[in-house]
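Given next are the chains, with one letter for each unit.
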Amino acid sequence: MVYAKNGEFPELAKHIEYAQNTKNLPGKHGTTRYLTRLTNKEKIKENRNTACPSSLERPPGKQCDEYPFASTWQGAKTGGGDFSRRMINGTQNEDGGRALSRFYLYNRILEKDRFLVWIK
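Residues numbered from 1 in each chain as written. Predicted model: local features only at pLDDT ≥ 70, side-chain atom pairs only at ≥ 80, totals over all residues. Heavy atoms only, no water.

**Some details on the nonpolar core**
Here comes step 1: Formed by 20 residues in total, the largest nonpolar core has its most connected members in Y3, I16, Y67, F69, F115 and V117.
Here comes step 2: For F69, the residues in contact, after removing those within four places along its chain, are Y3, I16, L35, G75, L100, Y104, F115 and V117.
Here comes step 3: Ranked by size, the runner-up nonpolar core spans five residues in total, among them A51, C52, C64 and F83. (Core = buried A, V, L, I, M, F, W, Y, C linked by side-chain atoms within 4.5 Å. Buried < 20%, exposed > 50% of the residue type's maximum accessible area, 1.4 Å probe, protein only. Contact = heavy atoms within 4.5 Å.)

So this is what it looks like as structure tokens:
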């Protein structure tokens, strides 16, 4: 998966870059610390709710973005609690999530398939 800091989702890309480089979270392109696809909808929801509970204040126009993605086994709950969250532009968050879904579909990334995220 590729996200660009000067592309459609710059706030999302910068958050992932921070999470990979500063917090040393998995999934960085060029490493073998893979993310692993999770397809169980209930577990995905648990990951999302752990990282971004509804009790968190969201400034106008912002949404809570989590990394590693909720749709991975490295997510906030299934991955053991090591994660990053940041309030980013809501449209970028939604569109970036849809891009990830298309990546899964078009590249046939199935349950427990490994992948990396390249920030350029």
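**Things to note about the pattern of salt bridges**
Here comes step 1: The full count for this structure, using the stated rule, is three salt bridges.
Here comes step 2: In this structure, E17 and K5 form a salt bridge, with 2.9 Å as the shortest nitrogen-oxygen distance. Of this pair, E17 sits in helix α1 (residues 10–21) while K5 is found in the loop between β1 (2–3) and α1, placing the two residues twelve residues apart along the sequence.
Here comes step 3: K62 is the salt-bridge partner of E11, the closest N and O atoms lying 3.3 Å from each other. Of this pair, E11 sits in helix α1 while K62 is found in strand β3 (residues 62–67), placing the two residues 51 residues apart along the sequence.
Here comes step 4: The exposure class of E11 is partly exposed, given its relative accessible area of 26%.
Here comes step 5: Given the relative accessible area of 30%, K62 is considered partly exposed. (Salt bridge = Lys/Arg side-chain N within 4 Å of Asp/Glu carboxyl O. Helix = DSSP H or I, 4+ residues; strand = E, 2+ residues; numbered from the N terminus.)

**Quick word on unusual backbone geometry**
Here comes step 1: Looking along the chain, the bond that leaves Y67 and enters P68 is cis, with omega of 0 degrees.
Here comes step 2: Locating P68 in the fold gives a position in the loop between β3 and β4 (84–89).
Here comes step 3: We note that R108 has phi near 55 degrees; this positive angle belongs to a residue other than glycine.
Here comes step 4: Tracing the sequence through the fold places R108 in the loop between α3 (90–106) and β5 (114–115).
Here comes step 5: Although it is not a glycine, K112 sits at a positive phi angle of roughly 70 degrees.
Here comes step 6: Counting through the fold element by element, K112 comes out in the loop between α3 and β5.

**Some words on the side chain of N47**
Here comes step 1: Tracing the chain through its elements places N47 in helix α2 (residues 41–51).
Here comes step 2: Once residues within four sequence positions are removed from consideration, N47 is found in contact with L38, A70, T72, G75, A76, K77 and T78.

**Considerations on the environment of G79**
Here comes step 1: The residue G79 is located in the loop between β3 and β4 in this model.
Here comes step 2: By relative accessible area, G79 is classed as partly exposed at 39%.
Here comes step 3: Taking the C-alpha atoms as reference points, G79 and P68, eleven residues apart in sequence, are found 8.6 Å from one another.

The values reported here are purely geometric and, on their own, carry no functional implication.
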